[in-house]
Amino acid sequence: MFYCRQDTFQRFQDNSSARKVPAMLRFGCCFALLLGGFVLPSVTAEDLSSQIWPTSRGDFAATGARSKGVADELVLQWETKTAEAIEAAPVSDGKHVFVVDVMGGMEALELSTGESLWRHELDTGFVASPSLFVPQNISQAIGAVNVLDAGDLPEGTTPMTTEQIDAWSATQTTVLVSGDVEGNVVAWDPASGEQLWKGLTDGEISASPSFYTLRRLGASGEIELQPRALVTSQDGSLYCFAMKSGELIWKYETGDQIRCGASVGDGKTYLGGCDGGLHVVDLTTGKASRDAIPLGGPTGSTPAIRDGKLFVPIMDGVLYAFAPQNDSEEDGMPTWEYSDPDRAQEYRGSVAVNDDVVIVTSRNKTVDAIERSTGKLRWRVTLKRRADASPVIAGDDVWVASTDGRLLRLSIENGDEKWNFEIRGAFIGEPAIVGERLVIADDEGVVRSFGPK
């Protein structure tokens, strides 16, 4: 059984196959730089969102979904063996892949070849994926720009135009932010692996950071854009750090462990936790915008936000849908809830959601597709073993990685299996969808890329 106070990292420390390798830092090929960050593929803003996977759930609204699918016919393009077991999902800027392992390894790989570009061996461990602050104005959820206006702006201040946001974005650089089992938050230059700043929380970090940008009056009295990083900790707090310096801006306390990430939408962040409440925090102030919404049980799942709707499962086997636009008491009531009428499920992962369905996996080896509008079960697939990794949607496919070492491609229409790949080990983290490629890591430290023939 899983409990909120279980030490996830302990099972890897006790694994006899885990072994510490000597500290090292390897530098590979020269990097092409753009304003100090990676050059991204030359594509439109619409296409760019499908070619990056900046956080474990694909975007900072935690939808776990892309409208575009991977190639119809996939082949294994490369596989790279790293040092230790990898529990977290890879993340990618469209040209490179970043992975972290349970014994403190952090590595940058070339997306096209799997070649190692740099690697750190740190005196800690990772169960959460890092996140990439990619300063392109792609969309509020994916691009991490998500500009919000603070309350201290002078009266009559005009909203920023798309052109102004684009101009500002061009002056920023890509940053990789990680959180480890000892509560350290570190910002890295993804090109070189150089540490930029370090912050600290008082508990294990179990989920990817999120980002947003606040427009407010700076110390000089001029209006500034201030990028910020959101990090949840098992000390029961949500931390907000300045992206440029690592300074702690504010801290929001829930009173119990937080294992999920902070979803961003509509100027707020939504997070659940072991206290059994869904917390709604105003990102301009760092204060609760309403009383926590009762969930009836603890959750370790990152809420998914799409089109003003929010979807979050709890460990006791209930999946809730909310529409929390205006923080009223009515918005605190679920629009629907789904639970198995025959056998109580146990939900640990996050859902994947598109315009039509919500996909949820359970500890009872089920994969369920729930109609997004009604909360009715559309189809169910039963796995051979459980899926600890959260599901991912890419176009017309649902991707499920399970602990029996099977990577499944299911039809989003009816759940039919369209393709599978099997390994000796186990998949603990979900895949990353990067353009027409799929990248996934396993518990033996092998990173694989699948793509077009």
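In this numbering scheme, every chain counts its residues from 1 along its sequence in written order. Side-chain atom pairs in this predicted model are given and counted only at pLDDT of 80 or more, local residue features only at pLDDT of at least 70, and totals for whole chains, interfaces and linings cover all residues. Hydrogens and water are ignored here; the side-chain numbers use all heavy atoms of the structure.

- The name given to the protein chain in an unreviewed UniProt entry is Serine/threonine protein kinase related protein, with Rhodopirellula europaea 6C as the source organism.

## Topic: helix α3 (residues 162-169)
(1) Moving on: Those residues of α3 not exposed but buried are Ile165, Trp168 and Ser169. Here the buried residues of α3 occupy an arc of 100° about the axis, which is enough to place them on one side. Note on exposure labels: buried denotes an accessible area under 20% of the residue type's maximum, exposed denotes more than 50%, and partly exposed covers the range between, all computed with a 1.4 Å probe on protein chains only. Secondary structure elements are taken from DSSP: a helix is a run of H or I of four residues or more, a strand is a run of E of two residues or more, and numbering for both begins at the N terminus. In this context, the arc is that of the directions from the helix axis out to the C-beta atoms.

## Re the nonpolar core
(1) Moving on: Within this scheme, the nonpolar core is defined by two criteria: the residues are buried Ala, Val, Leu, Ile, Met, Phe, Trp, Tyr or Cys, and they are joined through side-chain atoms within 4.5 Å. One finds Trp399, Leu407, Ile433, Leu438, Ile440 and Val447 to be the most contacted residues of the largest nonpolar core, which totals 27 residues.
(2) Moving on: Breaking this core down by element, the ones donating at least two residues are β5 (74-81), β7 (96-100), β32 (392-394), β33 (397-401), β36 (432-434), β37 (437-441) and β38 (446-452).
(3) Moving on: Per element, the largest residue contribution to this core is four residues, and it comes from β37.
(4) Moving on: Every residue in contact with valine 447, bar those within four places of it in the chain, is listed here: Trp78, Glu79, Thr80, Thr82, Ile86, Val99, Leu109, Val439, Ile440 and Ala441. We call two residues in contact whenever any of their non-hydrogen atoms come within 4.5 Å of each other.

## Some words on the sheet that holds β36
In any sheet, the strands associate via hydrogen bonds between backbone groups, in a parallel or an antiparallel arrangement.
(1) Moving on: An order of β5-β38-β37-β36 is seen for the four strands of this open sheet, with the pairing classed as antiparallel. Each edge of the open sheet carries a strand with a single partner, namely β5 and β36. On average, adjacent strands in this sheet sit at an angle of 20° to one another, irrespective of strand direction.
(2) Moving on: Here, strands pair whenever DSSP counts at least two bridges between them. Two strands pair when backbone bridges link them, and β36 and β37 are joined in this way by three bridges, in the antiparallel orientation. Throughout, an axis means a line fitted to C-alpha atoms (over the contacting stretch in the case of helices), and angles, computed between N-to-C directions, take values from 0 to 180 degrees.

## Considering the packing of aromatic side chains
(1) Moving on: Any pair of Phe, Tyr and Trp rings, taking the six-membered ring for Trp, is counted once the centres come within 6.5 Å. Such a pair is stacked with planes under 30 degrees apart, edge-to-face with planes over 60 apart, and tilted for the rest. Considering all chains together, one arrives at eleven aromatic pairs under this definition.
(2) Moving on: Taking the centre distance of 5.6 Å and the plane angle of 80° together, the rings of phenylalanine 133 and phenylalanine 211 count as edge-to-face. Of this pair, phenylalanine 133 sits in strand β10 (residues 131-133) while phenylalanine 211 sits in strand β15 (residues 210-217), placing them 78 residues apart in sequence.
(3) Moving on: For phenylalanine 211, a relative accessible area of 0% puts it in the buried group.
(4) Moving on: Seen from their ring centres, tryptophan 419 and phenylalanine 450 are 5.5 Å apart, and the 80° between their planes marks the pair as edge-to-face. Separated by 31 residues along the polypeptide, tryptophan 419 in strand β35 (residues 417-422) and phenylalanine 450 in strand β38 bring together distant segments of the chain.
(5) Moving on: Look at phenylalanine 450 and you get buried, because its relative accessible area is 1%.

## A few points about the pairing of strand β30 (residues 366-371)
(1) Moving on: Burial within β30 is extensive, with five of its six residues counted as buried.
(2) Moving on: Note: strand β29 (residues 357-361) against β30, five bridges, orientation antiparallel. Directly across from valine 358, in β30, lies its bridge partner isoleucine 370.
(3) Moving on: Linking β29 back to β30 in an antiparallel pair, the connection comprises four residues, with lysine 365 at a positive phi of about 75°.

## Structural notes on the sheet that holds β33
(1) Moving on: Taking strand neighbours across the sheet as the criterion, the five strands line up as β4-β32-β33-β34-β35 in an open arrangement whose pairing is mixed. The open sheet has two edge strands, β4 (65-66) and β35, and neither has a second partner.
(2) Moving on: As defined by bridge partners, strand β34 (residues 406-411) adjoins β35 across five bridges and the pair is classed as antiparallel. Considered in β35, the bridge of arginine 409 is made with tryptophan 419.

## Structural notes on the state of the cysteines
By definition, a disulfide is the covalent link that joins the sulfur atoms of two cysteine residues.
(1) Moving on: When two cysteine sulfur atoms are found within 2.5 Å, that pair is recorded as a disulfide. Under the counting rule described, the total for this entry stands at zero disulfides.
(2) Moving on: There is no disulfide at cysteine 260, and the cysteine sulfur nearest it, in cysteine 274, is 9.1 Å away.

## What to know about the environment of arginine 385
(1) Moving on: Within the element layout of this structure, arginine 385 appears in the loop between β31 (377-382) and β32.
(2) Moving on: On the basis of relative accessible area, arginine 385 is assigned to the partly exposed category, the value being 44%.
(3) Moving on: Separated by 22 residues in sequence, arginine 385 and arginine 363 place their C-alpha atoms 8.7 Å apart.
(4) Moving on: Here arginine 385 is in contact with Lys365, Ser402, Thr403 and Asp404, once residues within four sequence places are set aside.

## Observations concerning the side chain of threonine 366
(1) Moving on: With respect to the helices, strands and loops of the structure, threonine 366 is situated in strand β30.
(2) Moving on: A 3.5 Å cut-off defines polar contacts: any pair of N or O atoms within that distance qualifies, except that in protein one atom must be a possible hydrogen donor and the other a possible acceptor, and neighbouring residues in sequence count only when both atoms are side-chain atoms. In terms of polar contacts, threonine 366 uses its side chain to reach the side chain of glutamine 345, at 3.2 Å.
(3) Moving on: When neighbours within four sequence positions are excluded, threonine 366 is seen to be in contact with Gln345, Val360, Thr361, Arg380, Val381 and Thr382.

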